[in-house]
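Each chain, written out:
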Amino acid sequence: MAPYTLRWGIIATGKISGQFARDLLVDPSTREVSDVAHQITAVGSRSVESAQRFIDGLKSAGEGESFAWGAKNGVLDNVKARGSYDGVYNDPNVDAIYVGTPHNLHYRNTKDALLAGKHVLCEKPFTIDVEELEDLIATAKAKNVFLMEAVWTRFHPIAYAVDEVIKSGKLGKPKRFSADFSMEYDLDSKPDSNRFVDPALGGGSLLDMGPYPSVWAMLLLHRNPHNTDKFPSVVSSHQSIYKRSGVDLDSRWIVEWDGLCRGTLTTDLSAPGLKENTAVVQCEQGDLVIEYPPQKPETFHIIPRPDRFIGSIKEKTTHHHPVHAGNHGMSYEADEVARCIRAGKIQSDRMPWDESVVVQKWFDSVRKSGDSATKGMKGSAGQ
Ligand SMILES: NC(=O)C1=CN([C@@H]2O[C@H](COP(=O)(O)OP(=O)(O)OC[C@H]3O[C@@H](n4cnc5c(N)ncnc54)[C@H](OP(=O)(O)O)[C@@H]3O)[C@@H](O)[C@H]2O)C=CC1
Ligand SMILES: O=C1OC[C@@H](O)[C@H](O)[C@H]1O
């Protein structure tokens, strides 16, 4: 049977939109996919020149680059450069919109696309606050269109492999959890307009990096068969402030899953991160440990408890699950969007709205309890 082909409109021509578009141009068979395929039919930017440059860049992939396949095989046939985002929302040749703008714009761009009747994949973090997110969900329901937060990591091969271990029950009940995303970003060398530095763009470590320790909290704890708490909340948090602009340099928060355990989640723009244990769940029978980087890990370990504690895991085992060669790792989430839309679904079981809401509420709590320049930032829902 011919694959179902989803026609994408890309909103914004920044760094990650480029990465997402290049992954749409990779031959799906290289990741063993034959049921869905992708086309890019429009690119929208604040300037038509930038949209055209973006398209030209995709078309001029060098021989040997994995995304050269798409240009030769029709993925960019009939693609249009648009000098406004509206031009993409209103394009009848676009089925689904990818939103790759800074955090403060996710709500406005996603809402406009949904209102135009388009399906939407919106970059993380979904919105600035949970009111915005709830409004987007209500809009997707009202328009009967698909909506998902682009948490790409959830769709990586390693995420499914970790699921299997958790669901097998061999680790037993979780006792505690920690997950971190840190990177030495050198904010001092960046201009005031940089999206990490500028509070008006939703800058700081929490909103940008917080989705990744949260991925592992959701996969290792929240979706764990031992968990019954649908609304785990933040019981304590702390933020350090980057003085020049007032954004959070680091954020730390503790979440409690009632009846299960607590987890510590951290983000940091000033330190390089933990190579071998970026996320750890300690369970009755042994530990599961995921290596850096948390947004795209390739390796996890299952580790026995320390010698003087008895557990049924007797030997350390190491498990490698890289993304397929030639693929940055974003095509898997695009495949999920295509499959859901083909099936007539408006949300994904793998990245459901209620789980985005749980995480968004953590960010709201940490932000509002802290002292950063985004503390009082209100989303624009209802305005
Ligand atoms: N999944 C992942 O791995 C990653 C996700 N991200 C997420 O993607 C989003 C974008 O990040 P990234 O691509 O790094 O950001 P960039 O700054 O590289 O790009 C953002 C783009 O948004 C558009 N834009 C519209 N209004 C503004 C504005 N006022 N200021 C700046 N840009 C504006 C611009 O495109 P134009 O001029 O064409 O309109 C710009 O190029 C964020 O939500 C981020 O968290 C980022 C990196 C990795
Ligand atoms: O989503 C992301 O993943 C990779 C990071 O380097 C980046 O800051 C972030 O936006």
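Residues numbered from 1 in each chain as written. Chains lettered and ligands numbered in written order. Predicted model: local features only at pLDDT ≥ 70, side-chain atom pairs only at ≥ 80, totals over all residues. Heavy atoms only, no water.

Caption draft 1: The arrangement of the overall build of the chain in detail. A tally of helices and strands in the chain yields 11 helices and 14 strands. In terms of overall dimensions, the chain is globule-like: its C-alpha atoms have a radius of gyration of 21 Å, near the 21 Å expected for 383 residues. Counting only C-alpha atoms and orienting by the principal axes, one finds that the chain spans roughly 65 × 50 × 45 Å. Burial analysis of the chain (383 residues in total) assigns 56% to the buried set. Long-range pairs, those at least 24 residues apart, make up 72% of the contacts in the chain between residues at least 6 apart in sequence. About 15900 Å² of surface is accessible on the chain, with carbon and sulfur atoms providing 49% of the total. Charge separation in the chain, taken as the distance between the mean sites of 45 positive and 50 negative side-chain charges, equals 2 Å. (Helix = DSSP H or I, 4+ residues; strand = E, 2+ residues; numbered from the N terminus. Rg over C-alpha atoms; globule rule 2.2 N^0.38 Å. Buried < 20%, exposed > 50% of the residue type's maximum accessible area, 1.4 Å probe, protein only. Contact = heavy atoms within 4.5 Å. Areas by Shrake-Rupley, 256 points an atom, 1.4 Å probe, with all protein chains shown as cover. Lys, Arg positive; Asp, Glu negative; His and termini not counted. Charge placed at Lys NZ, Arg CZ, Asp CG, Glu CD.)

Caption draft 2: Focus on the site of ligand 2. Surveying the vicinity of ligand 2 reveals the residues Lys124, Met183, Arg195, Phe196, Asp208, Tyr212 and Gln295. Here Lys124 contributes a side-chain N or O atom positioned 2.7 Å from an oxygen atom of ligand 2. Asp208 places a side-chain nitrogen or oxygen 2.8 Å from an oxygen atom of ligand 2. Expressed as a share of its isolated accessible area of 270 Å², the protein-covered part of ligand 2 is 78%. Its residues assigned to classes, the shell around ligand 2 shows 3 nonpolar, 1 polar and 3 charged. (Near = heavy atom within 4 Å. Polar contact = N/O pair within 3.5 Å; in protein donor to acceptor, adjacent residues only side chain to side chain. Nonpolar A, V, L, I, M, F, W, Y, C, P; charged D, E, K, R; others polar.)

Caption draft 3: Highlighting helix H11 (residues 353-369). Between its first and last C-alpha, H11 extends 24 Å over 17 residues, near the 24 Å set by a 1.5 Å rise per residue. Within H11, 12 of the 17 residues are buried, which leaves it mostly tucked inside the rest of the structure. For H11, every residue scored as buried is listed here: Trp353, Glu355, Ser356, Val357, Val358, Val359, Gln360, Trp362, Phe363, Asp364, Val366 and Arg367. (Expected span 1.5 Å × (residues − 1).)

Caption draft 4: View of the site of ligand 1. Close contacts around ligand 1 come from 21 residues, with Thr13, Ser45, Tyr85, His103 and Lys124 the closest. Within the side chain of Thr13, an N or O atom sits 2.5 Å from an oxygen atom of ligand 1. The contact in question runs from an oxygen atom of ligand 1 to an N or O atom on the backbone of Ile16, over 2.9 Å. When ligand 1 is considered free in solution it has 890 Å² of accessible area, and contact with the protein chains removes 80% of it. Residue composition of the shell around ligand 1, grouped by class: 8 nonpolar, 7 polar and 6 charged.

Caption draft 5: A look at the UniProt feature "domain: GFO/IDH/MocA-like oxidoreductase" (unreviewed entry) in the chain. UniProt marks residues 162-288 with the feature "domain: GFO/IDH/MocA-like oxidoreductase" (unreviewed entry), using the numbering shown here. Helix and strand shares over residues 162-288 are 19% and 34% respectively, and the end C-alpha atoms of the span are 9 Å apart. (UniProt positions renumbered as here; feature names shortened; annotations may be inferred.)

Caption draft 6: Representation of the nonpolar core. Judged by nonpolar contacts, the single largest core of 90 residues is most densely connected at Trp8, Ile40, Trp216 and Trp362. Ranked by residues supplied to this core, first place goes to helix H9 (residues 211-222) with 8 residues. Residues Tyr89, Leu114, Trp353 and Val357 belong to the second largest nonpolar core, which totals 24 residues. (Core = buried A, V, L, I, M, F, W, Y, C linked by side-chain atoms within 4.5 Å.)

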